Structure formats: structure tokens, C-alpha cells
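# Architecture and fold: a report
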Amino acid sequence: MKKAFYKFFIVINLLTISALVYGQDLKNRLVLNFYDGPNLDGLSMEIRTLENVKYIFSADISDKSKYIFEYPKRLYDSISQIDLGFYDEKYAVKNYIGFSVPFKEDTVTCAGCLFSNKDIVLDLTYLKTDVYPNSIRINPSTGSVERVTAKRHLYSPNDIDAELLVSAVSMESGFSMFNRSPKNKGKTYTTMLEEGLNLIQMFPNSSTLLKKLFSTLNFYKESADIKPLFEAFDSDIQSSPTGQQIRRYQEAKFDNLSLINTSTRKTEKVIPDKSRATLLIFSASWCIPCHQMIPLVNQLYGQTKEKLDIVYISIDEPQTEKLWQQMIYDGTIIYRSLSAMDNVKDVKRNYLVDLIPFSYIVGADGKYRSINIRKKMHTSNL
């Protein structure tokens, strides 16, 4: 009896271990059938996560028209976008795939889309190629910015994946991007909030919209503005890993990290005096728009210095840190300056810094909100 029990126990454990190992290797498959269009030799899949980590996957090509991509299923919750493309070194041309899908009585397009968390097969009909002669590319070897020609090869899928559709609709509408998207030009902040809420109510179970909301949390004037949008999602979406992060963001107060003072090289808190409001400005030596904003910061400081502290946080990496130090020493930046050089990724993730220049206003109560110094309506009530 004991032998039989032990055999049964061993078999069950082996099955459990096999299931765990197999679970770790579960993959989503994206199959693209190209029936016509340009040569796509070298086409690869680039996955960018919410933490801004990139993964590149090559295709299994059974023939010239069929590309099969696989990526780990466990990655899905952290994916912010999937790019399909390749770079032509000979002609310095960045090629990428775009999708055109019907929506209501129109069509919407996207590149850098998301797909549903399952195997997807798309039969694609070639529509056209759009050429953008003055585009930029980050050289993966050197990290330098290069001017290149970009070509978007636009295809129409025979079957519409739900998340692909939402990706296109949200891109066309400028969802959660506010004035950073030309689609929202001339719209008021309130109108953009209402349009965002309407879109979520139309697609309440979309992980694409949830991830876009998470990626743009710092674009909202108040954390309270996020609440009705988040609550419009289905409960399962709210309970997802990304949903839990959004919930924590709404409940959290400012995390007062310790960073290195650029001048003294001593470690100190970002905000040493919590009794005063503080303006945090994230910048870098190589950021031209950041430099162009300095006169506005000086003007703002002249108006508010009795009640507002200003702190610059440099996200320069070690190779450019000396340029930032020079800006301090020659008086270009006259405010207290801290360096995130030793943990740039942690600082950017902790404070949700994506693009710079970027600024927060932190109140004495520990509550904080993003602020656009270029916008008078953002600074008029400081």
C-alpha cells in the first residue's frame, strides 16, 4: 500500500513539475500571411515593455509570404507595444508594418500595436507604402540619433483582432495623450477626459487602453482625474497586474528618494523641507527642449521663490554626467541639482518619467501632480 502511495505521489509531483516548466514556456503565436506587397526580408518583432525594456524576436519563415512569430505568454501583461519592422542598412531605410482596420464608417490605422493574449493569424492584403524622408532612428550599437528615411507598409487584415482594433482607435483618437498628440489640437482638458472615458466605456475589457492609461499617468493634472477612467474598466481588467499598479499610483504619496547632489556629491533627500511646495524638473544635458525651458523656470522662480522650492533631477548616464556638471558650474542651472546617474532606470520608473523635460509639483501634504511649465494655465495658480 505504501509503495503504491509513493508511486502515486511521485507521478503527481512529476506532472506538477512538468506543468510548471511547461507553463513557463507557454508562448503566444502571431502568424502573418502576406499575399502581396514589398519584400520584407529581415522582418522582426520588437516588444517594448511598460518598464521600457526591449525584446526582439525573429520569425520562422516557412515561405516568403508567411512569417510566424512566437513570444513568451508571461510577457503579455508587461507589453506596452509590439513593433514589426526591419532596417535596411544599404539604403538607410527604416521599414515597419502598419495595419488599417475598419471602424464604424471609417478606417483607422496603427503601427506599434497590441494584439490579444492568444494565438493570432492574420491574412494581410497590401494597401500602400507611405514614405517619411526626415525620420530618426536610434542606432542600437552606438545609441546615437540618426536621420533616416522611414517607410510604413500598410496592410489590411482579413479578420480583426479586438486589441489590434483598439490600438488603432486609440492611436487615431490620441487617447490619454492630451496635447502631446496632434489629434487633440484645440481641445480642452475636460473634453479630452470625456473622450477618454467614452472610449473606455466602448472597450471596457481592453488591456490596450489600460496599458496606455498606465503609460501616461503623469500626463493627468490630478490623480483624481484618473479615477473615473480606471473605474470604467471591467473588474477583471482592474485586477490585472497593470490595473493594480494604477490603483497603487492613485493611493500613493510622493516617494522621497535619496539622490546625489551634483555640487557636493553628498546623498540627500529629493525634498529636504516637506513644509514647502517643491517643483521637480527632470532634465538632462543632451535635452535641447530642457535647455529652452530654463528661461521659463527662471521667470517662474522670480514669481514664486517665497513659497516654492525648485529642484532639478538629472537623468544623465555616466557618459554625459560631466556635461551636466558643467551646466551647474557655469551657472546655466542655478537651482539645487540632484543626479540619478547611479539608478536612472529606478528613478524613471518610480516617478513615471518617460519623456523629458518633465515636471512635478509636490505639495506639503505629499500629494503631487504633473505640471507643464510651458502652459500658463498650469503655473498661474502656483
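These lines cover the structure that appears in this document, whether it is placed above or below. (Residues numbered from 1 in each chain as written. Predicted model: local features only at pLDDT ≥ 70, side-chain atom pairs only at ≥ 80, totals over all residues. Heavy atoms only, no water.)

### Things to note about a nonpolar patch on the surface
A cluster of nonpolar side chains, I136, I138 and V145, forms an exposed patch at the surface whose accessible area comes to about 280 Å². Following the sequence through the fold, I138 ends up in strand β9 (residues 120–138). (Patch = residues over 30% accessible without salt bridge, like charges linked within 9 Å, V, L, I, M, F, W, Y side chains within 5 Å. Areas by Shrake-Rupley, 256 points an atom, 1.4 Å probe, with all protein chains shown as cover. Salt bridge = Lys/Arg side-chain N within 4 Å of Asp/Glu carboxyl O. Helix = DSSP H or I, 4+ residues; strand = E, 2+ residues; numbered from the N terminus.)

### Looking at helix α2 (residues 162–173)
For α2, which comprises 12 residues, the first-to-last C-alpha distance of 17 Å matches the rise-based estimate of 16 Å (1.5 Å per residue) to within 8%. Three or more residues of α2 are buried, namely E163, L164, L165, V166, S167, A168, V169 and S170. The inward-facing, buried residues of α2 abut β7 (93–103), β8 (106–110), β9, β10 (145–157), α3 (189–202) and α4 (207–215). Positive backbone phi, approximately 70°, marks G174, located one or two places after α2. (Expected span 1.5 Å × (residues − 1). Buried < 20%, exposed > 50% of the residue type's maximum accessible area, 1.4 Å probe, protein only. Contact = heavy atoms within 4.5 Å.)

### Looking at the environment of I136
Inspection of the secondary structure assignment puts I136 in strand β9. Residues contacting I136, with those up to four places away along its chain left out, are K94, V145, E146, R147 and V148.

### What to know about the packing of α2 against α4
Here α2 crosses α4 at 40°, and the two axes come no closer than 8 Å. Considering the angle they form, α2 stands oblique to α4. For the pair formed by α2 and α4, the contact residues are E163, V166, S167 and S170 on the first element and S207, T208, L209 and K212 on the second. In the contact of α2 with α4, the residues fall into two nonpolar, four polar and two charged. (Axes fitted to C-alpha atoms, helices over the stretch in contact; angles between N-to-C directions. Parallel < 35°, antiparallel > 145°, perpendicular 65-115°, else oblique. Nonpolar A, V, L, I, M, F, W, Y, C, P; charged D, E, K, R; others polar.)

### Section: the packing of α4 against helix α7 (residues 241–251)
Remark: α4 packs on α7, axes separated minimally by 10 Å, with the N-to-C direction vectors making an angle of 35°. Where α4 crosses over α7, the two elements pack in a sense that is left-handed. Together, L210, K211, L213 and F214 of α4 and T242, G243, Q245 and I246 of α7 make up the contact between the two elements. When the residues that make up the contact of α4 with α7 are grouped by side-chain class, the tally is four nonpolar, three polar and one charged. (Left-handed = near helix turned anticlockwise from the far one by under 90°.)

### Overview of the nonpolar core
Ranked by internal contacts, the top residues of the largest apolar core, which has 83 residues, are L84 and F282. Residue contacts for F282: discarding those within four places in its chain leaves C290, I313, V347, Y351, V353, I356, P357, F358 and Y360. (Core = buried A, V, L, I, M, F, W, Y, C linked by side-chain atoms within 4.5 Å.)

### Observations regarding the packing of aromatic side chains
Enumeration over the complete set of coordinates arrives at 14 aromatic pairs. Arranged with centres 6.4 Å apart and planes meeting at 40°, the rings of F103 and F203 form a pair that is tilted. Linking F103 in strand β7 with F203 in the loop between α3 and α4, this pair joins segments that are 100 residues apart in sequence. Exposure remark for F203: the relative accessible area of 15% places this residue in the buried category. For the ring pair Y312 and W324, a centre distance of 6.1 Å and an interplane angle of 45° mean the geometry is tilted. Here W324 lies in helix α10 (residues 321–329) and Y312 lies in strand β14 (residues 308–314), a separation of 12 residues in the sequence. (Phe/Tyr/Trp six-rings, centres within 6.5 Å; stacked < 30°, edge-to-face > 60°.)

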